[in-house]
Amino acid sequence: MKRVRVVIIGSGPAGLTAAIYTARAQLSTVVITGNQVGGQIATTHDVDNFPGFPEGVTGPDLTDRMRAQAERFGAVFDYDLVTEVDFASGSPFRVKTHGHEYLADSVIVTIGASPRRLNVPGETEFTGRGVSWCATCDGWFFRGKDILVVGGGDSALQEAIFLTKFAEKVTVVHRRDELRASVALQTRAFSNPKIAFLYDTVIDAIKGEDMRVTGVTLRNLKTDATTERKTDGVFIFIGYDPNSSLFGGKLEMGPQGYVVIDEMMSTSVPGVFAGGEIHDDRFRQAITAAGQGCSAALMAINWLGEREGQGLLQDLDASEAETIPAP
Ligand code: NAP
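Below or above, wherever it landed, is the structure these notes cover. (Residues numbered from 1 in each chain as written. Predicted model: local features only at pLDDT ≥ 70, side-chain atom pairs only at ≥ 80, totals over all residues. Heavy atoms only, no water.)

Time to look at the environment of valine 109. Relative to the helices and strands, valine 109 is located in strand 8 (residues 101-109). The class of valine 109 is buried, set by a relative accessible area of 0%. A C-alpha to C-alpha distance of 9.0 Å links valine 109 and alanine 14, two positions 95 residues apart in sequence. Here valine 109 is in contact with Ile9, Phe247, Leu251, Val272, Phe273, Ala274, Gly275 and Ile278, once residues within four sequence places are set aside. (Helix = DSSP H or I, 4+ residues; strand = E, 2+ residues; numbered from the N terminus. Buried < 20%, exposed > 50% of the residue type's maximum accessible area, 1.4 Å probe, protein only. Contact = heavy atoms within 4.5 Å.)

As structure tokens, this is what we get:
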């Protein structure tokens, strides 16, 4: 058991920003990173719209800088997954990972969202063998190839444009005849000679041979006609679902599973705060997640200060558990 003032669950822009603030406020802070330090932004190649980077920055570089900044102020990183939380008896809260158990005076939940799946035959079988959710990670393997990008939002077009660095041809498969993506991205995609569009179309199945994707079954939603099409890869960018299953029955959630917070960034449990895509299904930007992480941290700092003023905060040095020291 490790005793700590703040546990931050998640290491995307929200979690890393929260860590910078709580550690800099001299509160002992542990960030439990999850599988991917940096979360979704770490798998995004070009980040053009994060303020302070006039030439743009890569997602991994932005992540490294934020992590280093949090470490500079003394935040401790635990590269593990949270397996269980116990918020029932109030602060201090129990947070378990595969390797450790923490007793934390406050918790900041910034666990984000995960990319949606198509749920069609072949998708799981060919994951990592031609089916991908990460252009930055896998684009290189498709040099000179023909690939499909599924989706009509900003992610689909941004990643389709990026994938033209590698692929010979990129066809965007979208279920409607109108794109959801911003006009700026549409303009860039339309003017890219390597990108084609297939509207009113979904993928019914992904097929392959020798453990590699070789084609898909397409269906036109207006005519219901199906066609077979050869392709080397399928990149899926059809939105996200919040990673909130860990908090079922423990934190109030909306109908889509997003964690509900009030204007003070507080969840339904006092002392547990949230920021980023775990509660935000609207803005979904690295900079808004970072801002929300900052807000959640400020509210946690404030809440802990009030507890201390009321004499409710245990002196960590007096704790019998191993203590994560204040920065
Ligand atoms: P999104 O905006 O929700 O778009 C998801 C796309 O996938 C939509 O076109 C949707 O079709 C389609 N789709 C959903 N479920 C599908 C299914 N089962 N089968 C086929 N198609 C399906 O998600 P996103 O593009 O990932 O963007 C998420 C947020 O991040 C947005 O707010 C976006 O603005 C932001 N973002 C911004 C940038 C940037 O600023 N550069 C880059 C990436 C993302 P419909 O249109 O028919 O619903």
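We now examine the site of the ligand. Surveying the vicinity of the ligand reveals 19 residues, the closest of which are Asp154, Ser155, Gln158, Arg176 and Arg180. Between aspartate 154 and the ligand, the recorded distance is 2.5 Å, taken from a side-chain N or O atom to an oxygen atom. Interatomic distance of 2.7 Å between a side-chain N/O atom of glutamine 158 and a nitrogen atom of the ligand. Protein chains shield 77% of the accessible area of the ligand, which is 920 Å² for the free molecule. It is helix 4 (residues 154-163) that contributes the most residues to the shell around the ligand, three residues altogether. (Near = heavy atom within 4 Å. Polar contact = N/O pair within 3.5 Å; in protein donor to acceptor, adjacent residues only side chain to side chain. Areas by Shrake-Rupley, 256 points an atom, 1.4 Å probe, with all protein chains shown as cover.)

Tallied over the entire structure, the rule returns 10 aromatic pairs. Ring geometry for phenylalanine 142 and phenylalanine 235: centres 5.2 Å apart, planes at 75°, overall edge-to-face. With a gap of 93 residues between them, phenylalanine 142 in the loop between helix 3 (135-138) and strand 11 (146-150) and phenylalanine 235 in strand 17 (residues 233-236) connect regions that are remote in the sequence. Take phenylalanine 142 and phenylalanine 235: they sit in the same class, and that class is buried. With 6.4 Å between their ring centres and 70° between their planes, phenylalanine 273 and tryptophan 303 make a pair best called edge-to-face. With phenylalanine 273 in strand 19 (residues 272-274) and tryptophan 303 in helix 6 (residues 286-309), this residue pair connects regions lying 30 residues apart in the sequence. Judged by its relative accessible area of 17%, tryptophan 303 falls in the buried class. (Phe/Tyr/Trp six-rings, centres within 6.5 Å; stacked < 30°, edge-to-face > 60°.)

Where helix 1 (residues 13-24) contacts helix 2 (residues 59-72), the axes come no closer than 8 Å and their chain directions differ by 20°. If you check the angle between helix 1 and helix 2, you find them roughly parallel. Viewed along their axes, helix 1 and helix 2 form a crossing whose handedness is left-handed. In contact with Pro13, Leu16, Ala19, Ile20 and Ala23 of helix 1, helix 2 contributes Thr63, Met66, Arg67, Gln69 and Ala70. Taken together, the residues that form the contact of helix 1 with helix 2 break down as seven nonpolar, two polar and one charged. (Axes fitted to C-alpha atoms, helices over the stretch in contact; angles between N-to-C directions. Parallel < 35°, antiparallel > 145°, perpendicular 65-115°, else oblique. Left-handed = near helix turned anticlockwise from the far one by under 90°. Nonpolar A, V, L, I, M, F, W, Y, C, P; charged D, E, K, R; others polar.)

Interaxial distance between helix 4 and helix 5 (residues 183-190) falls to 10 Å at its minimum, and their mutual angle equals 35°. Pair helix 4 / helix 5 crosses with left-handed handedness. When helix 4 is examined against helix 5, the residues Asp154, Leu157, Gln158 and Ile161 are found in contact with a partner set consisting of Leu185, Gln186, Arg188 and Ala189. For the contact of helix 4 with helix 5, the class distribution of residues is four nonpolar, two polar and two charged.

Another point: the side chain of threonine 33. Within the secondary structure layout, threonine 33 lies in the loop between strand 2 (29-32) and strand 3 (46-47). Threonine 33 gets classed as buried once you look at its relative accessible area, which sits at 4%. Those residues in contact with threonine 33, other than ones at most four positions away along the chain, are Gly10, Ser11, Phe77, Asp78, Tyr79 and Asp80.

Here helix 4 lies mainly inside the structure; seven of its 10 residues are buried. Listing the buried residues of helix 4 in full gives Ala156, Leu157, Glu159, Ala160, Ile161, Phe162 and Leu163.

Moving on: the environment of aspartate 204. Along the polypeptide, aspartate 204 turns up in strand 14 (residues 201-209). Classification of aspartate 204 by relative accessible area gives partly exposed; the value is 26%. Through-space distance from the C-alpha of aspartate 204 to that of tyrosine 258 is 29 Å; in sequence the pair is 54 residues apart. With residues up to four places along the chain from it excluded, the contact list for aspartate 204 reads Val120, Pro121, Thr217, Arg219 and Thr226. A polar side-chain atom of aspartate 204 sits 2.8 Å from a polar atom in the side chain of arginine 219.

Here we come to a positive patch on the surface. On the surface, a cluster of positive charge is contributed by Arg129, Arg143, Lys145 and Arg212. With respect to the element layout, arginine 129 can be found in the loop between strand 9 (113-115) and strand 10 (131-132). According to the relative accessible area criterion, arginine 129 is partly exposed, its value standing at 35%. (Patch = residues over 30% accessible without salt bridge, like charges linked within 9 Å, V, L, I, M, F, W, Y side chains within 5 Å. Salt bridge = Lys/Arg side-chain N within 4 Å of Asp/Glu carboxyl O. Lys, Arg positive; Asp, Glu negative; His and termini not counted. Charge placed at Lys NZ, Arg CZ, Asp CG, Glu CD.)

Spatial relationships are all this shows, so hold off on functional conclusions.
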